[in-house]
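So you can see what is in the structure, the chains are spelled out below.
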Amino acid sequence: MLDRIIDALKKGAAKSAVPVSPEVKRLAAAALMVEAARRDNDFADDERAAITRIVGENFQLTDEDAKTLVDLAEQRQKVAFGESIFTRTVRDAFTPDERKDVLRMMWQVALADGQLHRLESVMIERLAKEIGLDKAASESAREAATKH
């Protein structure tokens, strides 16, 4: 299943404005959240639980489907250039509002353990740029994440 999704992402990344399935969009968003959480080299259980909860709530998934999605997102670490594939997918296949939602979710994950590590913050700011959002959008997403 992961291979099929990765193939769809690679095809989508090779072309701009390629429509992708909701399944692929969910994986791309979850993979970026996992990447943000791993930046401080401490991917703790509370961060994994936060990602599972966040994707479940935002994508209306059952607990089991949310856990499966996070497991797939973690496996993507084994894919060469995985981060850039997912980043391009979010940038090219998501609407501006969807990109802002992904950014808010990344901030929620980074803040889930009660502390914001500098590497997580830098990573999210860099990803915001790469998915086509400016600093103001990132700050707005961060503020929304703290209220959620």
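So, a few notes on the structure that sits alongside this text. (Residues numbered from 1 in each chain as written. Predicted model: local features only at pLDDT ≥ 70, side-chain atom pairs only at ≥ 80, totals over all residues. Heavy atoms only, no water.)

### Quick notes on the side chain of arginine 99
Stage number 1. One can find arginine 99 in helix H6 (residues 96–111).
Stage number 2. No salt bridge is formed by the buried arginine 99; the nearest opposite charge belongs to glutamate 98, separated by 7.2 Å.
Stage number 3. What arginine 99 contacts, discounting residues up to four positions off in sequence, is Val90, Arg91, Phe94, Ile131, Gly132 and Leu133. (Helix = DSSP H or I, 4+ residues; strand = E, 2+ residues; numbered from the N terminus. Buried < 20%, exposed > 50% of the residue type's maximum accessible area, 1.4 Å probe, protein only. Lys, Arg positive; Asp, Glu negative; His and termini not counted. Salt bridge = Lys/Arg side-chain N within 4 Å of Asp/Glu carboxyl O. Contact = heavy atoms within 4.5 Å.)

### With respect to the packing of H6 against helix H7 (residues 118–130)
Stage number 1. Taken N-terminus to C-terminus, the directions of H6 and H7 make an angle of 175 degrees; their axes are 10 Å apart at the nearest point. The angle between the axes of H6 and H7 places the two elements in the roughly antiparallel class. Residues Leu103, Met106, Trp107 and Ala110 of H6 lie in contact with H7, whose contacting residues are Glu120, Ser121, Ile124, Glu125, Leu127 and Ala128.
Stage number 2. Taken together, the residues of the contact of H6 with H7 break down into seven nonpolar, one polar and two charged. (Axes fitted to C-alpha atoms, helices over the stretch in contact; angles between N-to-C directions. Parallel < 35°, antiparallel > 145°, perpendicular 65-115°, else oblique. Nonpolar A, V, L, I, M, F, W, Y, C, P; charged D, E, K, R; others polar.)

### A look at the packing of aromatic side chains
The geometry of an aromatic ring pair is captured by the separation of the ring centres together with the interplanar angle, meaning the angle of the planes.
Stage number 1. A complete count under the given rule lists zero aromatic pairs for this structure.
Stage number 2. Above the ring of phenylalanine 94, the side-chain terminus of lysine 25 is found at 5.1 Å from the ring centroid. (Phe/Tyr/Trp six-rings, centres within 6.5 Å; stacked < 30°, edge-to-face > 60°. Lys NZ or Arg CZ within 6 Å of the ring centre and 35° of its normal.)

### Examining the pattern of salt bridges
Stage number 1. One pass over the structure, following the stated rule, counts ten salt bridges.
Stage number 2. Two residues, arginine 48 and glutamate 74, come together in a salt bridge whose shortest N-O distance is 3.0 Å. Of this pair, arginine 48 sits in helix H3 (residues 45–58) while glutamate 74 is found in helix H4 (residues 63–75), placing the two residues 26 residues apart along the sequence.
Stage number 3. Taking the relative accessible area as the measure of exposure, arginine 48 reaches 26% and is therefore partly exposed.

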